[in-house]
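# Observations on the three-dimensional arrangement
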Amino acid sequence: MVLRPIKLRDQRAWREVNRRNRDWLRPWEATIPPPAAGVPFAQRPTYRQMVRHLRAEANAGRMLPFVIEYQGRLVGQLTVAGITWGSMCSGHVGYWVDRDVAGRGVMPTAVALVTDHCFRTVGLHRMEVCIRPENAPSRRVVEKLGFREEGLRPRYLHIDGAWRDHLVYALTAEEVPDGLLARWRRARESQHGNTGNTGK
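First, a word on what this report is: a plain description of the structure on this page. What you are looking at is a predicted structure, and each value in this text was computed from that prediction instead of being measured.

## Here we look at the pattern of salt bridges
The final tally for this structure, using the stated rule, is 17 salt bridges. Across the pair Arg-132 and Glu-134 runs a salt bridge whose closest N-O atoms are separated by 3.3 Å. Residue class for Arg-132 comes out buried when judged on its relative accessible area of 10%. A single salt-bridge network, built from bridges that share partners, covers Arg-126, Glu-128, Arg-148, Glu-150, Arg-153 and Glu-175.

Quick look at the structure:
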C-alpha cells in the first residue's frame, strides 16, 4: 500500500473509483450548504479545481493531500486538513476508500502511516478524526488504531445535504511513542494469533 500526493494526472482513475462508489460514499461526503444571507453560494469544484486548491493549501502548510494506492491502483483519498501551528500543532484527517477493498486493513494502515508522518516528520502534536455517529465502518478504523473518543460536535459539518453531528476522535504524539503503524501491526498480529516472532 502506498500513500502519495494527489496529482492532476490521477483524474481518470480518481473519477472512475469515485463514480463506481457514488452511492456508497454519498451519505458521508461533504456538501455545499444552501446560500444564506451574505454568504456566497459555492459550486462543487471540478477535479482540476480540487487538486489546485489542495496543492495551494499544501504549499501554505495548511493541508497534506494524498491518494491511496493498493496493489498498484488508486483506491481512495486521505487528506490531513486544518493544520494549525503555534501552541496547538494539530490537524484533522478525512478519508474515503473503494468499497472493493474495504475490510482489508487498507484504511487503518493509511491513517497510521499519515499519523506517524505528521508526528515524526511534520512536527504535529495532535491528530483528530471527526466521524458521523452513524458511520460504523469509519468509526471502526479509528477505534482499531486506538484513537480516543472525546465527545460529540453537534451539527459540525454539512454532509449529504444537512448539518450533521460528528463524534471527535483524537490521538497525541505521546500516546504512540513507538509509532502508530507499529502499534497497528502488533494489534493485527495479535488478532490473527501470531506470536510476533515472524520478523514481519
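## Digging into unusual backbone geometry
Leave glycine aside and you will find that most residues have negative phi; peptide bonds, for their part, are mostly trans. If you check the backbone angles, Gln-71 has positive phi at about 55 degrees while not being a glycine. Inspection of the secondary structure assignment puts Gln-71 in the loop between strand E2 (64-70) and strand E3 (73-84). The exposure class assigned to Gln-71 is exposed, which follows from its relative accessible area of 65%.

## Examining helix H5 (residues 136-145)
Those residues of H5 that sit buried are Ser-138, Val-141, Val-142 and Leu-145. Viewed end-on, H5 has its buried residues packed into an arc of 80 degrees, placing them on one side of the element. On the buried face of H5, the contacting elements are strand E4 (90-97), helix H4 (106-122), strand E5 (126-131), strand E7 (162-172) and helix H6 (180-191). Just beyond H5, the residue with positive phi is Gly-146, at close to 85 degrees.

## Observations concerning the sheet that holds E3
As summarised here, the arrangement of the seven strands in space is E1-E2-E3-E4-E5-E7-E6, forming an open sheet in which the pairing is mixed. Edge positions in the open sheet fall to strand E1 (2-5) and strand E6 (148-159), since each of these has one partner strand only. In this sheet, neighbouring strand axes are inclined to one another by 30 degrees on average, regardless of whether the strands run parallel or antiparallel. Summarising the sheet, E2 and E3 pair through seven bridges and their orientation is antiparallel. Across the sheet, the residue bridging to Pro-65 is Thr-79, located in E3. Against the sheet, H4 makes contact with E1, E2, E3, E4, E5 and E7, and its axis sits at roughly 140 degrees relative to E2, the strand it touches most.

## Comments concerning the packing of aromatic side chains
A full pass over the atoms with the stated rule returns two aromatic pairs. With a centroid separation of 5.2 Å and 50 degrees between ring planes, the pair formed by Trp-14 and Tyr-47 is classed as tilted. Highlighted residues: Trp-14 in helix H1 (residues 11-20) and Tyr-47 in helix H3 (residues 47-59), separated in sequence by 33 residues. Exposure class is identical for Trp-14 and Tyr-47. Each is buried. Taken together, a centroid distance of 6.1 Å and an interplanar angle of 75 degrees make the contact between Trp-14 and Trp-96 edge-to-face. Of this pair, Trp-14 sits in helix H1 while Trp-96 sits in strand E4, and the two are 82 residues apart along the sequence. The buried category is assigned to Trp-96, whose relative accessible area is 13%. Taken together, the ring pairs connect Trp-14, Tyr-47 and Trp-96 into an aromatic cluster.

## Some remarks on the side chain of Asp-10
Turning to its location among the elements, Asp-10 is positioned in the loop between E1 and H1. If we ignore the near neighbours within four places in the chain, the residues touching Asp-10 are Arg-4, Pro-5, Tyr-47, Val-67 and Leu-74.

## Considerations on the environment of His-192
Assignment of secondary structure puts His-192 in the segment after H6. With a relative accessible area of 54%, His-192 lands in the exposed category. Taking the C-alpha atoms as reference points, His-192 and Asp-116, 76 residues apart in sequence, are found 23 Å from one another.

## Looking at the pairing of E4
Buried residues dominate E4, accounting for six of its eight residues. Where E4 meets E5, three bridges bridge the pair, whose relative direction is parallel. Paired with Ser-90 across the bridge in E5 is Arg-126. Crossover E4 to E5 through H4 is right-handed.

Thresholds applied
- Residues numbered from 1 in each chain as written.
- Predicted model: local features only at pLDDT ≥ 70, side-chain atom pairs only at ≥ 80, totals over all residues.
- Heavy atoms only, no water.
- Salt bridge = Lys/Arg side-chain N within 4 Å of Asp/Glu carboxyl O.
- Buried < 20%, exposed > 50% of the residue type's maximum accessible area, 1.4 Å probe, protein only.
- Helix = DSSP H or I, 4+ residues; strand = E, 2+ residues; numbered from the N terminus.
- Arc of directions from axis to C-beta.
- Contact = heavy atoms within 4.5 Å.
- Pairing = 2+ DSSP bridges.
- Axes fitted to C-alpha atoms, helices over the stretch in contact; angles between N-to-C directions.
- Phe/Tyr/Trp six-rings, centres within 6.5 Å; stacked < 30°, edge-to-face > 60°.
- Right-handed = clockwise from strand over helix to strand, strands pointing away.

Limitation: the analysis is restricted to geometry and does not speak to function.
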